[in-house]
Amino acid sequence: MARQLDSATRDALVERVRFYRDLGLTEFYRRPVDLNAEAAVAVEEPVAALVAEAEQDESQRLQTETFLEDQPIPPRKPFPAAPEVAAAVPAADRAAALQMIRDEMGDCTRCALHTGRNKLVFGDGDANARLMFVGEGPGADEDAQGLPFVGRAGQLLNNMIAAMGLKREEVYIANVVKCRPPGNRTPEPEEANTCSPFLFRQIDVVRPQVLVALGATAATYLLGHRQPLAGLRGRVHPFRGMQLIVTYHPAYLLRDPRQKKEAWADLQIAMRELGLQAPKAGSSR
Ligand code: SF4
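Given the structure is predicted, the values throughout are model-derived calculations rather than measurements.

Cut-offs used in this document
Residues numbered from 1 in each chain as written. Predicted model: local features only at pLDDT ≥ 70, side-chain atom pairs only at ≥ 80, totals over all residues. Buried ≥ 20, exposed ≤ 12 C-beta atoms within 10 Å, placed from the backbone. Helix = DSSP H or I, 4+ residues; strand = E, 2+ residues; numbered from the N terminus. Pairing = 2+ DSSP bridges. Near = placed C-beta within 6 Å. Nonpolar A, V, L, I, M, F, W, Y, C, P; charged D, E, K, R; others polar. Expected span 1.5 Å × (residues − 1). Arc of directions from axis to C-beta. pLDDT = per-residue confidence, 0-100. Contact = placed C-beta atoms within 7 Å. Core = buried A, V, L, I, M, F, W, Y, C linked by C-beta atoms within 7 Å.

**Topic: the pairing of strand 2 (residues 131–135)**
And then number 1: Most of strand 2 is tucked away: five of the five residues are buried.
And then number 2: The pairing of strand 2 with strand 4 (residues 210–214) spans four bridges and is parallel. Bridged to Met132 within strand 4 is Leu211.

Written as structure tokens, this is what we have:
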């Protein structure tokens, strides 16, 4: 008799299989398990059917949505100079140093985005992470929970992190702006320029070996100049004594899953810099 998966496990499994398939990884093997082999094999068939169904849905969605490479950065204004790199914080003090920045922000009203905010989304993860991700700003789920990347894009980011052989708790994640822009629009330069000094301070405290900018907005405000994403991807940018890598924002990858393979190529550059090997299929950490 086929083993039944609960719906949450099944959905997570479907997402994971689709993600690896989108990366171009199509060969999977199963480690020997103690369960009845017949039951184990029977589980794979409904998963494959669900993946096919999900891909059909995605393909229908692709036909009805308009795709841009990434959201454009609105109106041209000069970028303020990035703050000086702060003195290194000892590893044992980094969590407290991040909390000090959060306390200093308080119930922030420094820019207009505070008016539509439910929760300020400061950042999340290991204060001593070797790898840090920077996104654009909170969406609806993040605004509700006060944590970065917890919605569908967050699930995809979690899969990307797992594909790199890491756990989410082992990385640090923050955004350019800490409050949700209305309608998930791109932050205005004034908003991003007001908020980003806090991001630079977070980066200087965590001091990761590798920083990954997710999307054009993050890349623009980190690097301090506008350039199409295509010109920034696929290489390492020296940044505040770290290695900066630019890739697509997970929300964009949800809209255009065909680019996941490109994003995986970018993440492999990050893995190379970190000396990481992708986990073998079927292994669990
Ligand atoms: Fe303050 Fe940043 Fe929120 Fe603007 S986006 S109100 S600067 S925390």
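Having seen the model, we can carry on.
**Quick word on the site of the ligand**
And then number 1: As a structural note, the neighbourhood of the ligand is formed by 14 residues, with Cys108, Cys111, His114, Cys179 and Cys195 the closest of them.
And then number 2: Residue composition of the shell around the ligand, grouped by class: eight nonpolar, three polar and three charged.

**Digging into helix 10 (residues 260–274)**
And then number 1: Taking 1.5 Å of rise per residue, the 15 residues of helix 10 would be expected to cover 21 Å, and the 21 Å separating its terminal C-alpha atoms lies within 8% of that figure.
And then number 2: Among the residues of helix 10, Lys260, Ala263, Trp264, Asp266, Leu267, Ala270 and Met271 are the ones counted as buried. Burial along helix 10 is one-sided: seen end-on, the buried residues are contained in an arc of 160 degrees.
And then number 3: Where helix 10 terminates, the next one or two residues include Gly275, which has phi positive at roughly 70 degrees.

**Remarks on the confidence of the model for the protein chain**
And then number 1: For the protein chain, mean pLDDT is 84; residues scoring 70 or higher make up 74% of the total.
And then number 2: In the model, residues 37–47 has pLDDT below 50 throughout and makes 14 contacts with residues more than four positions away in sequence or in other chains.
And then number 3: Scored below 50 in pLDDT, residues 57–69 makes five contacts in the model with residues more than four places away or belonging to other chains.

**Details of the nonpolar core**
And then number 1: Formed by 56 residues in total, the largest nonpolar core has its most connected members in Met132, Val134, Val171, Leu211 and Ala213.
And then number 2: Broken down by element, the residue count for this core peaks at seven residues, all from helix 6 (residues 189–206).
And then number 3: Setting aside anything within four residues of it in sequence, one finds Ala213 in contact with Val134, Ala218, Ala219, Leu222, Leu244 and Val246.

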